[in-house]
Amino acid sequence: RGQERTLARFCCFDAPAMIKSCAVLAVAILAGTMPKNMRPPEGVESWLMFDGVCNLCDGFVNFVADHDSDRLVKFGAQQKHMELLKRAGAPTDLSTLVLIQGDRHYVYSDAALRTMAVLDWPWRGLAAFALVPSPVRDACYKFVARYRYLVFGKTESCRVPTGDFRRRFIDYRPEEEEADPISST
């Protein structure tokens, strides 16, 4: 009789709880390994091209700069770098962030998630959203992009970075800074 009870307890486990635990474990593992797979190879720079008059895009650039302690991402306003975007084969209609890594470029949610993959923890873990099918992710991205000016507003012109932050931009020239005696670094 004792063996029957032990066998019954072993066979009667809580299946929903077991499935939930396995799902949580799988997500945790993927959140830890997924960003590594989305990072560029060693020595390849990440250039994040953004709509320079969009307040939402500007906020994302500030967020990336604040959480990229290794300074792996450089920035450029799309309005100033249309020729670069054309050479990369990327869109030039300001409808998306564009992430250029070496000879590849990424747009829509792929650009945002690959950017997240190079940030510090815990933000890097958000790259695990790449597991969501790209048509779903991109539909959400395009919806937000369509209404970003209405919700977040826009400025009249691209912001001019100052101080240490301007060193993060792809068009930064150190010789210009040295020639400026009132530069705040």
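Residues numbered from 1 in each chain as written. Predicted model: local features only at pLDDT ≥ 70, side-chain atom pairs only at ≥ 80, totals over all residues. Heavy atoms only, no water.

**Q** Can you tell me about the side chain of D68, naming the residues and giving the values?
**A** Mapped onto the elements of the fold, D68 is located in the loop between α3 (55-66) and β2 (73-77). A distance of 2.8 Å separates a polar atom in the side chain of D68 from the backbone nitrogen of V73. Other than its neighbours up to four places away in sequence, D68 contacts V73, V118, L119, D120 and R168. (Helix = DSSP H or I, 4+ residues; strand = E, 2+ residues; numbered from the N terminus. Polar contact = N/O pair within 3.5 Å; in protein donor to acceptor, adjacent residues only side chain to side chain. Contact = heavy atoms within 4.5 Å.)

**Q** Account for the pattern of salt bridges, naming residues and giving values.
**A** Under the definition given, this model contains four salt bridges. Two residues, E45 and K74, come together in a salt bridge whose shortest N-O distance is 3.6 Å. In this pair, E45 sits in the loop between α2 (15-38) and β1 (46-50) while K74 sits in strand β2, placing the two residues 29 residues apart along the sequence. Under the relative-accessibility criterion, K74 is labelled partly exposed at 29%. (Salt bridge = Lys/Arg side-chain N within 4 Å of Asp/Glu carboxyl O. Buried < 20%, exposed > 50% of the residue type's maximum accessible area, 1.4 Å probe, protein only.)

**Q** Describe the nonpolar core, with residues and values.
**A** Within the largest apolar cluster, 24 residues are counted, with the highest numbers of intra-cluster contacts made by L48, F50, V64, F75 and L97. Elements with a contribution of two residues or more to this core: β1, α3, β2, α5 (108-116) and α6 (134-152). Ranked by residue count, the leading element in this core is α3, at five residues. With sequence-adjacent residues up to four places away left out, F50 is seen in contact with C57, V61, F75, G76, A77, Q78, Q79, L97 and F169. Ranked by size, the runner-up nonpolar core spans seven residues in total, among them L85, A90, I100 and I170. (Core = buried A, V, L, I, M, F, W, Y, C linked by side-chain atoms within 4.5 Å.)

**Q** Give me the layout of surface pockets: which residues, what numbers.
**A** What the largest pocket holds in volume is close to 560 Å³. In this structure, the largest pocket is lined by 22 residues; those nearest its centre are F60, L97, A112, Y141 and V144. Residues belonging to the lining of the largest pocket are distributed by class as follows: 15 nonpolar, four polar and three charged. (1 Å grid on protein atoms, 1.4 Å probe; cavity = no way out; pocket = protein on both sides within 12 Å on 5 of 7 lines; lining within 4 Å. Points joined across faces, edges and corners; volume = space filled by probe spheres on them. Nonpolar A, V, L, I, M, F, W, Y, C, P; charged D, E, K, R; others polar.)

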